[in-house]
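# Structure at a glance
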Amino acid sequence: MSSACHTSALLLVFMALAVAGAEQLEERSCDVIGDESSESQMERALLKKLEPLSHMRFNVTVEKGKTENYIYHFRVCREVNSTTHDFGGLVQTDRQNGKTTVIGRINETQVFNGSDWIMLIYKGGDSYGRHCSGEKRRAVIMISCKRGVTASSFSIISEEREKEQECFYLFEMDSSVACPAENSHLSVGSILLITFVSLIAVYIIGGFLYQRLVVGAKGMEQIPHFAFWQDLGNLVADGCDFVCRSKPRNAPAAYRGVGDDQLGEESEERDDHLLPM
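For the protein chain, the name recorded in an unreviewed UniProt entry is Cation-dependent mannose-6-phosphate receptor, with Elachura formosa as its organism.

## Some remarks on the overall build of the protein chain
Of regular secondary structure, the protein chain possesses 5 helices and 8 strands. N-terminal to C-terminal, the α/β element order of the protein chain is α-α-β-β-β-β-β-β-β-β-α-α-α. Of all 277 residues assigned to the protein chain, the portion counted as buried reaches 25%. Counted over contacts in the protein chain with a minimum sequence separation of 6, partners at least 24 positions apart contribute 49%. Summed over its atoms, the accessible surface of the protein chain is roughly 19800 Å², and 57% of this surface lies on carbon and sulfur atoms.

## Considering the UniProt feature "transmembrane region" (unreviewed entry) in the protein chain
When the UniProt feature table is mapped onto this chain numbering, "transmembrane region" (unreviewed entry) sits at residues 186–210. What you have in residues 186–210 is 92% helix and 0% strand, and the ends, taken at the C-alpha atoms, are 34 Å apart.

## A short note on the pattern of salt bridges
What the rule picks out here adds up to 6 salt bridges. In this structure, R28 and E79 form a salt bridge, with 3.3 Å as the shortest nitrogen-oxygen distance. Here the residue R28 occupies a position in the loop between α1 (2–25) and α2 (41–49), and E79 occupies one in the loop between β2 (68–75) and β3 (88–94), the gap between them amounting to 51 residues. By relative accessible area, which is 33% here, R28 ends up partly exposed. In this structure E79 comes out as buried when scored by relative accessible area, which is 2%. Here E159 ties to R161 by a salt bridge, and the two come within 3.8 Å at their closest N and O atoms. On the basis of relative accessibility, which here comes to 25%, the residue E159 falls in the partly exposed class.

## So, the state of the cysteines
Within the structure shown, the criterion is met by 3 disulfides. Here C30 engages in a disulfide with C77; their sulfurs sit 2.1 Å apart. Here the disulfide of C30 and C77 is left-handed, its torsion about the S-S bond being about -100°. Pair noted here: C30 is in the loop between α1 and α2 and C77 is in the loop between β2 and β3, with a separation of 47 residues, a long-range link. In the protein chain, the bonded cysteines, taken in the order they occur along the sequence, pair up as 1-2, 3-5, 4-6.

## Structural notes on α2
Along α2, the positions that sit buried rather than exposed are E43, L46 and L47. When α2 is viewed along its axis, its buried side chains cluster within an angular range of 100° and face the same direction. Of the exposed residues in α2, those oriented more than 90 degrees away from the buried face are Q41 and K48. Those residues of α2 that are buried are in contact with β4 (100–113) and β5 (117–124).

## Structural notes on the pairing of β3
Along any regular strand, the residues point their side chains to alternate faces of the sheet. Extensive coverage of β3 is indicated by the burial of 7 of its 7 residues. Across 5 bridges, β2 lies against β3 in antiparallel orientation. Opposite Y72, over in β3, you have Q92 as the bridge partner. When β3 meets β4, the two strands line up antiparallel, connected through 5 bridges. By the bridge assignment for β4, L90 is matched with G104. Between β3 and β4, which pair antiparallel and follow one another directly, the connecting turn spans 5 residues, one of which, G98, has a positive phi of 75°.

## Looking at the confidence of the model for the protein chain
Confidence along the protein chain averages 81 in pLDDT terms, with 76% of residues attaining 70 or more. Note on residues 17–24: pLDDT is under 50 here. Beyond four places in sequence and across chains, it has 0 contacts.

## A short note on the sheet that holds β2
Taken together, 8 strands build an open sheet; the order of strands is β1-β2-β3-β4-β5-β6-β8-β7 and the sheet is mixed. Taken across any chain shown, the strands that pair with only one partner, and hence form the sheet edges, are β1 (57–64) and β7 (152–160). Each strand axis lies, on average, 25° off the axis of its neighbour in the sheet, ignoring direction.

## Thoughts on the nonpolar core
What tends to happen in soluble globular proteins is that the nonpolar side chains get buried as a cluster. Grouped together as the largest cluster of nonpolar side chains are 34 residues, with contacts concentrated most on L50, Y72, F74, L90, Y122, I141 and F171. Those elements that place two or more of their residues in this core are α2, β1, β2, β4, β5, β6 (139–145) and β8 (168–175). Excluding anything up to four places from it in sequence, F171 contacts V60, Y72, L90, A139, V140, I141, M142, F154, S155, I156 and I157.

Calculation rules
Residues numbered from 1 in each chain as written. Predicted model: local features only at pLDDT ≥ 70, side-chain atom pairs only at ≥ 80, totals over all residues. Heavy atoms only, no water. Helix = DSSP H or I, 4+ residues; strand = E, 2+ residues; numbered from the N terminus. Buried < 20%, exposed > 50% of the residue type's maximum accessible area, 1.4 Å probe, protein only. Contact = heavy atoms within 4.5 Å. Areas by Shrake-Rupley, 256 points an atom, 1.4 Å probe, with all protein chains shown as cover. UniProt positions renumbered as here; feature names shortened; annotations may be inferred. Salt bridge = Lys/Arg side-chain N within 4 Å of Asp/Glu carboxyl O. Disulfide = S-S within 2.5 Å. Arc of directions from axis to C-beta. Pairing = 2+ DSSP bridges. pLDDT = per-residue confidence, 0-100. Axes fitted to C-alpha atoms, helices over the stretch in contact; angles between N-to-C directions. Core = buried A, V, L, I, M, F, W, Y, C linked by side-chain atoms within 4.5 Å.

Here's what the structure looks like:
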């Protein structure tokens, strides 16, 4: 019985370790500031829209003289280092001494958008210390639309730390996730035009095959309803002649030759004086 109890205890331990490992593998995601019930449908939709970027990591190096030499690590709605459990979504690493500073945390996220951009804000970073009245850092990431590119051009624009309050780090990147959905729906006019052209094509091809294979017509007679279209063409030609003619049909010509009716009757004796006596 003791052996069975020992085996059961080991199984329970292994199961507990497996559950703990599964929980650690599941990465934390963005938590919008405020209660979950206060999250708007727009915010949830934007976070869903950013999901394709969540598995990617972005880095940018900034070097200013000998005093500032940093690497910024960024992830979209994921922790940069999940083992530290610090919720750091954007982290600064000093290349000189290896010190890391959390610029913004994913558990204090704000997100909103415009027509062709999405702005992601991580708040709750480490304290500034002597700058900005010692408030917590925050990172502002502007994601601009660029079709055909999943993500590129991650860079830091500026660090605003000379103010008393509301200081921030500003980053930007390009991604197709910020682009508006392309309207692929056809207009009513396009649908009607496509339908009309398709019907005409079916009529011509089907009628041609029927006339040739069933009726046995040859030449121009293979055109479906050839007589009708011929009469219609004549009517259209007459209509154009009637509408477009610039003068009446029976108007006299501008120049007329001399006809026999204008010469009058010839005199039978007009040449009598020329006869020899």
